[in-house]
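Chains, contacts and geometry: an overview
Each chain, letter by letter, is given below.
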Amino acid sequence: LAKTTQPISMDSYEGQEVNITCSHNNIATNDYITWYQQFPSQGPRFIIQGYKTKVTNEVASLFIPADRKSSTLSLPRVSLSDTAVYYCLVGDGVNNFNKFYFGSGTKLNVKP
Amino acid sequence: EPEVTQTPSHQVTQMGQEVILRCVPISNHLYFYWYRQILGQKVEFLVSFYNNEISEKSEIFDDQFSVERPDGSNFTLKIRSTKLEDSAMYFCASIDGQGGKTEAFFGQGTRLTVV
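None of these values were measured; they are calculated from a predicted model. (Residues numbered from 1 in each chain as written. Chains lettered and ligands numbered in written order. Predicted model: local features only at pLDDT ≥ 70, side-chain atom pairs only at ≥ 80, totals over all residues. Heavy atoms only, no water.)

Here we take up the interface of chain B and chain A. Across the boundary between the two partners, chain B contributes 22 residues, which contact 19 residues of chain A. Broken down residue by residue, the surface that chain B buries against chain A is led by Val43(B), Thr102(B) and Phe106(B), which jointly contribute 27%. Summed over the shared surface of chain B and chain A, the number is zero salt bridges. At the junction of chain B with chain A, the criterion picks out five residue pairs in polar contact (both at pLDDT 80 or more). (Contact = heavy atoms within 4.5 Å. Buried area = accessible area lost by both parts, 1.4 Å probe. Salt bridge = Lys/Arg side-chain N within 4 Å of Asp/Glu carboxyl O. Polar contact = N/O pair within 3.5 Å; in protein donor to acceptor, adjacent residues only side chain to side chain.)

Attention now moves to the pattern of salt bridges. Throughout the structure, instances matching the rule amount to two salt bridges over all chains. Taking the shortest distance from any N to any O, the salt bridge between Asp11(A) and Lys111(A) comes out at 3.6 Å. One end of the pair, Asp11(A), is in strand β1 (residues 9-13); the other, Lys111(A), is in strand β9 (residues 106-111), and 100 residues separate them in sequence. Given a relative accessible area of 30%, Lys111(A) falls into the partly exposed group. The partner of Arg36(B) in a salt bridge is Glu44(B), with the nearest N and O atoms 3.0 Å apart. Each member of the pair Arg36(B) and Glu44(B) is classed as buried. (Helix = DSSP H or I, 4+ residues; strand = E, 2+ residues; numbered from the N terminus. Buried < 20%, exposed > 50% of the residue type's maximum accessible area, 1.4 Å probe, protein only.)

With that out of the way, let us pick up the nonpolar core. Trp34(B), Leu46(B), Val67(B), Phe75(B), Leu77(B) and Tyr90(B) are the most contacted members of the largest nonpolar core, which totals 22 residues. At the level of elements, β3 (19-24), β4 (31-37), β5 (44-50), β7 (65-68), β8 (75-79), β9 (88-95) and β11 (110-114) of chain B are the ones that each hand at least two residues to this core. (Core = buried A, V, L, I, M, F, W, Y, C linked by side-chain atoms within 4.5 Å.)

This part is about the state of the cysteines. Following the criterion strictly, the structure yields two disulfides over all chains and no others. For Cys22(A), the disulfide goes to Cys88(A), at an S-S distance of 2.2 Å. Here the S-S torsion is close to -80°, and the disulfide linking Cys22(A) with Cys88(A) is therefore left-handed. Of this pair, Cys22(A) sits in strand β2 (residues 18-23) while Cys88(A) sits in strand β8 (residues 84-91), placing them 66 residues apart in sequence. You'll find Cys22(A) and Cys88(A) in the same group, each marked buried. The residue that forms a disulfide with Cys23(B) is Cys92(B), at a sulfur-sulfur distance of 1.9 Å. The sign of the -65° torsion about the S-S bond sets the Cys23(B)-Cys92(B) disulfide as left-handed. One end of the pair, Cys23(B), is in strand β3; the other, Cys92(B), is in strand β9, and 69 residues separate them in sequence. (Disulfide = S-S within 2.5 Å.)

For the rest of this paragraph, the subject is the side chain of Gln6(A). Residues and elements named next belong to chain A. Among the structural elements, glutamine 6 can be located in the segment before β1. Polar side-chain contacts of glutamine 6 include one of 2.8 Å to the backbone oxygen of tyrosine 86. Of note is the side chain of glutamine 6, whose polar atom sits 2.9 Å from the backbone nitrogen of cysteine 88. Ignoring sequence-local partners within four residues, the contact set of glutamine 6 consists of Ile20, Thr21, Cys22, Trp35, Tyr86, Tyr87, Cys88, Gly105 and Thr106.

The following block contains the structure:
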């Protein structure tokens, strides 16, 4: 499984756009990139998944360059309630559901 | 919105005792998982379950642990002879896996405290 590297923590202010980048140099051809959010004492929650280029949903956007060795989760206009840990996962989570591993995640702290 | 439910929310047990953590995955989902998270640490994969058998397990999931799907709805994690270091949040998850549905749904977790 491809190893991921993310910043340990980030600070932001309400209303700002936040971009969290994840490095995954050893990503395989069949691997997808998935991001989860976790609030304290809660289970992780799916945010977005993509394979290449750009994916957007009602919550976030995911930017993936052509070489796919990194990805950036973009959260538009964050609020205090977006304070959480964000995990980047890389794996064949489309054709192979046997396991998916969480890295250390990025703790996002949104300030008023 | 359908959800994964876990019971109990908090379990306190004496060291050496057996505990069973219960989960009800989302109906019609095919893939089931257990994860644990020690306080302040990352979410760790324990085991995945598909078609009534274990499909993958981590090195953490040794003979002390077992999983079962006793009926069509429940998915349990049994921990035998609990140790202090088993204290953690245990999360159950499920994935539909059909028709391109790859999102994992996690339960709210069971906080296990071994004393």
